[in-house]
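Secondary and tertiary structure notes
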Amino acid sequence: MIDQKEIITKIQKSMPTSKVEIESEDGVHFFANIWAEEFAGIPMLAQHRMVYDAIGAAVGREIHALSIKTHVVIK
Amino acid sequence: MSVLSRIETYVGDHEVVLFMKGTADFPQCGFSGKVVKILKDLSVDFFVVNVLDDEEVREGVKVFSNWPTIPQLYVGGELVGGCDIVVDLFESGELQKMLTATAS
């Protein structure tokens with residue numbers, strides 16, 4: 001099992017300005033709201049890829065599904 | 001034929017391709033089912049690849065697109081995204097534009 005704090009730490013390690021809210025009812029399906037300056041000027045698909053890459057191999061394994069809502073923060 | 005070239009053929013030969021768990025009539029996962037419903041609501045013809053029947057493609061498509069989850073929707077040979085993005089694009093009307101653009 002992977003816990004939410006671990007996911008948040010991974011996201012923030014690769015996106016230092018990010019603010020992350022994450023929920024899960026069953027510990028395998030997660031829903032994340034992410035605010036970050038790093039998303040500025042980046043198409044939605046690429047934003048989601050950034051998040052998946054930040055979390056790494058757990059996505060698709062311990063994390064069965066991760067629904068993502070990204071929000072651009074303008075400096 | 002390597003799995004990546006098989007995937008390339010699927011994506012290249014059909015306008016709209018959905019890699020999903022299950023079939024259009026019997027989706028085996030909620031996220032796949034949501035995308036199927038949207039495509040059906042838009043009465044779009046789409047080619048389905050049931051990754052549950054093909055373990056090689058199930059993993060290969062994640063490498064092909066550098067996208068770690070299923071379902072994956074392709075339009076005009078390009079990855080549109082997974083369930084979240086398809087829902088977002090549908091709600092904003094963007095998906096309809098993409099589908100008519102490639103259909104003409």
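Structure first, text after, so check above.
Right, let's walk through the structure included here. (Residues numbered from 1 in each chain as written. Chains lettered and ligands numbered in written order. Predicted model: local features only at pLDDT ≥ 70, side-chain atom pairs only at ≥ 80, totals over all residues. Heavy atoms only, no water.)

Considerations on the sheet that holds strand β2 (residues 29-36) of chain A
Residues and elements named next belong to chain A. The strand order across the open sheet built from 3 strands is β1-β2-β3, with neighbouring strands paired in mixed fashion. On the outer flanks of this sheet lie β1 (19-24) and β3 (65-72), each paired with one strand and no other. Direction aside, neighbouring strands of the sheet carry axes that sit 15° apart on average. With respect to the sheet, helix α1 (residues 4-14) is in contact with β1 and β2, its orientation differing from that of β1 by roughly 150°. Running at roughly 125° to β3, helix α2 (residues 44-55) makes contact with β2 and β3 of the sheet. (Pairing = 2+ DSSP bridges. Helix = DSSP H or I, 4+ residues; strand = E, 2+ residues; numbered from the N terminus. Axes fitted to C-alpha atoms, helices over the stretch in contact; angles between N-to-C directions. Contact = heavy atoms within 4.5 Å.)

Focus: the pairing of strand β4 (residues 78-81) of chain B
Residue and element names in this part refer to chain B. Sheet analysis places strand β3 (residues 72-75) next to β4, joined by 3 bridges and oriented antiparallel. Opposite Y74, over in β4, you have L79 as the bridge partner. Hairpin connection from β3 to β4: 2 residues lie between these consecutive antiparallel strands, with G76 at a positive phi of about 60°.

Topic: the pattern of salt bridges
Within this structure, the stated rule accounts for 8 salt bridges over all chains. A salt bridge links B:D88 to A:K69, with the nearest nitrogen and oxygen atoms 2.7 Å apart. Highlighted residues: B:D88 in helix α4 (residues 83-92) and A:K69 in strand β3, drawn from two different chains. Classification of A:K69 as partly exposed rests on a relative accessible area of 31%. Residues B:R6 and B:D54 are paired through a salt bridge, measuring 2.8 Å at the closest nitrogen-oxygen approach. Here B:R6, found in helix α1 (residues 3-13), pairs with B:D54, found in the loop between β2 (47-50) and α3 (55-65); they are 48 residues apart in sequence, far enough to count as distant. Of the two residues examined, B:R6 and B:D54, each falls in the buried class. Shared partners join several salt bridges into a network, and the residues in it are B:R6, B:D54 and B:E56. (Salt bridge = Lys/Arg side-chain N within 4 Å of Asp/Glu carboxyl O. Buried < 20%, exposed > 50% of the residue type's maximum accessible area, 1.4 Å probe, protein only.)

Focus: the interface of chain A and chain B
Facing 14 residues of chain A, the contacting portion of chain B comprises 13 residues. Both faces considered, chain A and chain B share a buried interface measuring about 1200 Å² in area, 60% of it formed by carbon and sulfur atoms. Of all residues in chain A, the largest losses of buried area upon contact with chain B belong to A:L45, A:R49 and A:Y52, amounting jointly to 41% of the total for that side. At the surface where chain A touches chain B, the tally comes to 1 salt bridge. Taken together, the connections running from chain A to chain B amount to 5 residue pairs in polar contact (both at pLDDT 80 or more). Elements with a contribution of two residues or more to the side of chain A that touches chain B: α2 and β3 of chain A. Considered class by class, the residues forming the side of chain A that touches chain B number 7 nonpolar, 4 polar and 3 charged. (Buried area = accessible area lost by both parts, 1.4 Å probe. Polar contact = N/O pair within 3.5 Å; in protein donor to acceptor, adjacent residues only side chain to side chain. Nonpolar A, V, L, I, M, F, W, Y, C, P; charged D, E, K, R; others polar.)

Quick word on α3(B)
When α3(B) is considered as a whole, its buried residues turn out to be B:V57, B:G60, B:V61, B:K62 and B:S65. Next to the buried residues of α3(B) lie α2 of chain A together with α1, β1 (16-20), β2, β3 and β4 of chain B. Two residues or fewer after α3(B) comes B:N66, characterised by a positive phi angle close to 50°.

A look at helix α2 (residues 30-41) of chain B
Between the first and last C-alpha of α2(B) there are 16 Å, a value that for 12 residues agrees with the 16 Å anticipated at 1.5 Å per step. Burial in α2(B) covers these residues: B:S32, B:G33, B:V35, B:V36, B:I38 and B:L39. (Expected span 1.5 Å × (residues − 1).)

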